[in-house]
Amino acid sequence: MIRIGLTGNIASGKSEVARMLADRGATVIDADLLAREAVEPDTQAFRDIIKRWGKDVLNDDGGLDRAALRRIVFADQSELDALNRIVHPLVTRLRDREIAQARDRGDPIVICVIPLLFERNIVDEFDAIVLVDAPRPLRLERMVATRGMEATEAMNMIASQMPAELKRARADYVIENNDSLQDLERDVNALWSSLQRDAQRANPLAGKARDPYIETQSQAQVS
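Residues numbered from 1 in each chain as written. Predicted model: local features only at pLDDT ≥ 70, side-chain atom pairs only at ≥ 80, totals over all residues. Heavy atoms only, no water.

A. Highlighting the layout of surface pockets. By volume, the largest pocket is sized at about 1400 Å³. Every residue lining the largest pocket is counted, 43 residues in all, and those nearest its centre are Asp32, Ala35, Phe74, Pro115 and Met157. Broken down by secondary-structure element, the contributors of at least two residues to the lining of the largest pocket are helix 1 (14-23), strand 2 (27-30), helix 2 (31-38), helix 4 (66-73) and helix 5 (77-105). Among the elements that line the lining of the largest pocket, the one with the most residues is helix 5, at eight residues. Grouping the amino acids of the lining of the largest pocket by side-chain chemistry returns 22 nonpolar, eight polar and 13 charged. (1 Å grid on protein atoms, 1.4 Å probe; cavity = no way out; pocket = protein on both sides within 12 Å on 5 of 7 lines; lining within 4 Å. Points joined across faces, edges and corners; volume = space filled by probe spheres on them. Helix = DSSP H or I, 4+ residues; strand = E, 2+ residues; numbered from the N terminus. Nonpolar A, V, L, I, M, F, W, Y, C, P; charged D, E, K, R; others polar.)

Structure representation (structure tokens):
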């Protein structure tokens, strides 16, 4: 099994790239989904969040109001650091659980989607790093137009992350997501072929990783 760290600053399109890789046969473990699991109402992280920020970050149904919490923590770096200290340890344990299960199944390529991979200094935990990037003005536009965020809040979130320019130099693969979906598909196809070769070199006895996306495309052409 090879472990790939997939990262990118907010609104770069890393979730779309992860979806495409999953369609091609990769096992995808998404830190954002694990973070939601980590702060369910019955967890210690949820109780720690309420203890620090109070009931103002609760929805009417008693769950976590993520938008309210986001407005607080992205306006103050010390508050964001406090939230990360609460949530990240549990997310790491959940990710390790998912990786172990993938290893037990014999999954050849595991993609870990981690927005703060460089910020958390965990590059060495992975066999390769994929960075998805897009120009900052385009990312800001996506956050405001697509996610309905206020421009000030969006800029605060962008400013809280390490500049992509610093990450590009340390990434093994860079996916540029500033053009069409067709161009993104083309680049992901090239990335997937490269990852399959890496997986084959890592475990030549396992044979070539099955690619259900290509199989489906071939079946469609035959029929």
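B. Quick look at the packing of helix 6 (residues 136-145) against helix 7 (residues 151-159). Interaxial distance between helix 6 and helix 7 falls to 9 Å at its minimum, and their mutual angle equals 130 degrees. When the interaxial angle is binned, helix 6 and helix 7 end up oblique. Relative to helix 7, helix 6 is oriented so that their crossing is right-handed. Mapping the contact onto sequence places Arg136, Arg139, Leu140, Met143 and Val144 in helix 6 and Ala151, Ala154, Met155, Met157 and Ile158 in helix 7. Within the contact of helix 6 with helix 7, the residues separate by chemical class into eight nonpolar, no polar and two charged. (Axes fitted to C-alpha atoms, helices over the stretch in contact; angles between N-to-C directions. Parallel < 35°, antiparallel > 145°, perpendicular 65-115°, else oblique. Left-handed = near helix turned anticlockwise from the far one by under 90°. Contact = heavy atoms within 4.5 Å.)

C. Region of interest: the pattern of salt bridges. In this structure the tally under the stated criterion is 15 salt bridges. Ionic pairing is found between Arg97 and Glu98, a salt bridge with its closest N-O pair at 2.7 Å. By relative accessible area, Glu98 is classed as partly exposed at 23%. One salt bridge connects Arg186 with Asp183, and the closest N-O pair in it is separated by 3.3 Å. Of the two residues, Arg186 and Asp183 are both situated in helix 9 (residues 181-202); the distance of three residues between them amounts to about one turn of the helix. Judged by its relative accessible area of 24%, Asp183 is partly exposed. Residues participating in the shared-partner salt-bridge network are Glu16, Arg19 and Asp23. (Salt bridge = Lys/Arg side-chain N within 4 Å of Asp/Glu carboxyl O. Buried < 20%, exposed > 50% of the residue type's maximum accessible area, 1.4 Å probe, protein only.)

D. Examining helix 4 more closely. Considered for burial, the residues of helix 4 that qualify are Ala68, Leu69 and Val73. One side of helix 4 carries all its buried residues, which in axial view fall inside an arc of 125 degrees. Among the structural elements, helix 3 (44-53) and helix 5 are those in contact with the buried residues of helix 4. The N-cap residue of helix 4 is Asp65: its side-chain oxygen and the backbone nitrogen of Ala67 are 3.3 Å apart. (Arc of directions from axis to C-beta. Polar contact = N/O pair within 3.5 Å; in protein donor to acceptor, adjacent residues only side chain to side chain.)

E. Looking closely at the sheet that holds strand 2. Judged by pairing direction, the sheet is parallel, and its five strands sit side by side in the order 2-3-1-4-5 without closing on themselves. Looking at the sheet topology across the chains shown, the edges are occupied by strand 2 and strand 5 (173-176). Shown here is a sheet whose adjacent strand axes are inclined to one another by a mean of 20 degrees, direction ignored. Relative to strand 5, strand 4 (residues 128-133) is paired through four bridges, and the arrangement is parallel. In the strand pairing of strand 5, Val132 is matched with Ile175. (Pairing = 2+ DSSP bridges.)

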